[in-house]
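Examination of the molecular architecture
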Amino acid sequence: MAPSRRPRVALLGFTVPDDLLAEIIARDTIMPTQTHTFAWGLVRSLRAADCQVHLLSAAPVSTWPGNRQVRFRPGRFRQDGVDGHLLAFVNLLGLKHLTRFVAAWRTGGRELREQATDVLLVHGVHSPFLWFGVLRARRRGVRVVPVLTDPPGVALPTDGRVVRLLRGLDVALVRAALARCSGVIALTPALADDFAPGRPRLVMEGICATEPAGVDETPPVATRDVVYAGGLSRAYGVDRLVEAFRGLPGDDLRLCVYGRGELEGWLRDQAAVDRRIAPPRLLPRAELLPRLSRASVLVNPRPVDRDFVRWSFPSKIIEYLATGVPVVSTRLPGIPADYTPWLSFAEPDTVEGLRAALGQVLSLPPGAAGERGAGGARFVRETRNPAAQGRRMYDFLAHLCGLTGERDAPADVPAPAPDRVG
């Protein structure tokens with residue numbers, strides 16, 4: 001049975017215009033670049049599958065005082081041919097969740113009605129948005145499908161006792177909401193297994209952006225660059241990467257790290273005593289992509305023994321591979337098996353393991369390195385591009401909406417369990 005029409009989708013989350021993201025990065029303690037990239041990847045994928053999409057979005061900011069702006073006003077925007085609403089909220093602990101829920105209830109409820117929505121996609125495990133879906137959208141006959149990119153309630157080193165208690169409450173609220181959703185799209189199987197057991201699921205670890213890398217206008221240098229881009233923290237293994245790099249021979253090697261995080265000061269100290277280490281820099285995406293493309297090797301040093309790793313698929317893996325540069329990574333359990341031919345794994349994920357994997361890639365003849373990089377780029381561009389991932393999402397959502405026959409259900413969707421009463 002062929003679908004009679006395409007699902008009409010509302011994406012509730014953090015899909016904001018590029019100019020607003022630039023303002024947030026300039027003054028916030030967090031760097032929501034990957035959230036932004038993935039959100040717009042969802043939009044482009046759905047549109048590639050001819051699904052109608054409209055956006056309900058809140059600014060992705062850290063709670064005051066991490067971001068000093070307290071009041072975020074409502075508004076409308078249009079980007080890439082897609083219309084969206086910015087939701088108002090008060091950026092203070094406790095009030096942030098409450099006011100986002102109220103804004104979603106008011107603006108979102110009206111939009112779902114006016115746009116005749118079939119599916120509410122909820123980006124992330126944000127309890128106000130999930131419960132708006134459960135309490136209002138679902139009871140209007142709209143299928144509620146969260147997109148799980150991270151586990152709920154991840155504690156930060158700076159969290160005090162009150163914040164940790166609130167995070168625990170939030171985890172319970174998230175779990176209860178997920179149990180009432182129509183299905184989930186998850187970056188890793190573990191996210192679906194642990195937080196939405198029994199729900200129909202689509203495992204989709206990421207989307208390969210197709211925009212060109214651009215032109216690197218910096219003067220050419222006679223160095224072989226080992227490059228990392230992302231959060232500059234011990235949790236992501238950046239300190240191990242520095243120590244691994246120190247033991248590599250070659251005066252022409254240079255370690256370049258791009259991002260923001262707790263290790264910025266420490267990295268500047270390392271650069272001051274080792275001329276092969278460049279000071280850390282935070283670059284706009286348009287400037288970062290050309291830097292990645294001219295590297296000799298790109299590195300994902302994330303340790304495998306962290307609590308959150310079983311739920312993790314770093315989006316930088318896809319971004320790295322798309323550049324056509326060889327990639328070294330630790331063997332995270334969330335990396336699908338079909339990536340294995342295109343990655344050089346650091347095993348074990350220690351300083352010594354990273355150093356050995358980097359040395360092996362750096363010793364490849366230029367032709368072999370080029371072939372490996374080109375193969376990885378071809379793999380992600382052909383299998384994880386917006387059109388390919390959009391088809392998978394369309395099949396999944398159409399099945400949940402009853403727009404396709406049972407025999408046409410996607411292969412990785414378990415038989416749907418009956419929705420629980422909210």
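Now for a quick tour of the structure. (Residues numbered from 1 in each chain as written. Predicted model: local features only at pLDDT ≥ 70, side-chain atom pairs only at ≥ 80, totals over all residues. Heavy atoms only, no water.)

Description of helix H7 (residues 238–246)
Restricting attention to buried positions, one finds in H7 the residues Val238, Asp239, Leu241, Val242, Ala244 and Phe245. Structurally, H7 contributes buried residues whose contacts are with strand S11 (224–229), strand S12 (253–258), helix H8 (264–273), strand S13 (297–300) and helix H11 (351–362). (Buried < 20%, exposed > 50% of the residue type's maximum accessible area, 1.4 Å probe, protein only. Helix = DSSP H or I, 4+ residues; strand = E, 2+ residues; numbered from the N terminus. Contact = heavy atoms within 4.5 Å.)

Details of the packing of aromatic side chains
Tallying each qualifying case throughout the model produces eight aromatic pairs. Between Phe72 and Phe89, the ring centres sit 4.7 Å apart and the planes meet at 5°, which makes this aromatic pair stacked. Pair noted here: Phe72 is in strand S3 (residues 71–72) and Phe89 is in strand S6 (residues 89–90), with a separation of 17 residues, a long-range link. Of the two residues examined, Phe72 and Phe89, each falls in the buried class. Geometrically, the ring pair formed by Trp342 and Phe379 is stacked, given 6.4 Å between the ring centres and 25° between the ring planes. Of this pair, Trp342 sits in the loop between strand S14 (327–330) and strand S15 (344–346) while Phe379 is found in helix H12 (residues 366–383), placing the two residues 37 residues apart along the sequence. On the accessibility criterion, Phe379 (11% relative accessible area) is buried. Feature note: the residues Phe313, Tyr339, Trp342 and Phe379 constitute an aromatic cluster, connected by ring pairs. Of note, Arg6 hangs over the ring of Tyr394, and the distance from its end group to the ring centre comes to 4.2 Å. (Phe/Tyr/Trp six-rings, centres within 6.5 Å; stacked < 30°, edge-to-face > 60°. Lys NZ or Arg CZ within 6 Å of the ring centre and 35° of its normal.)

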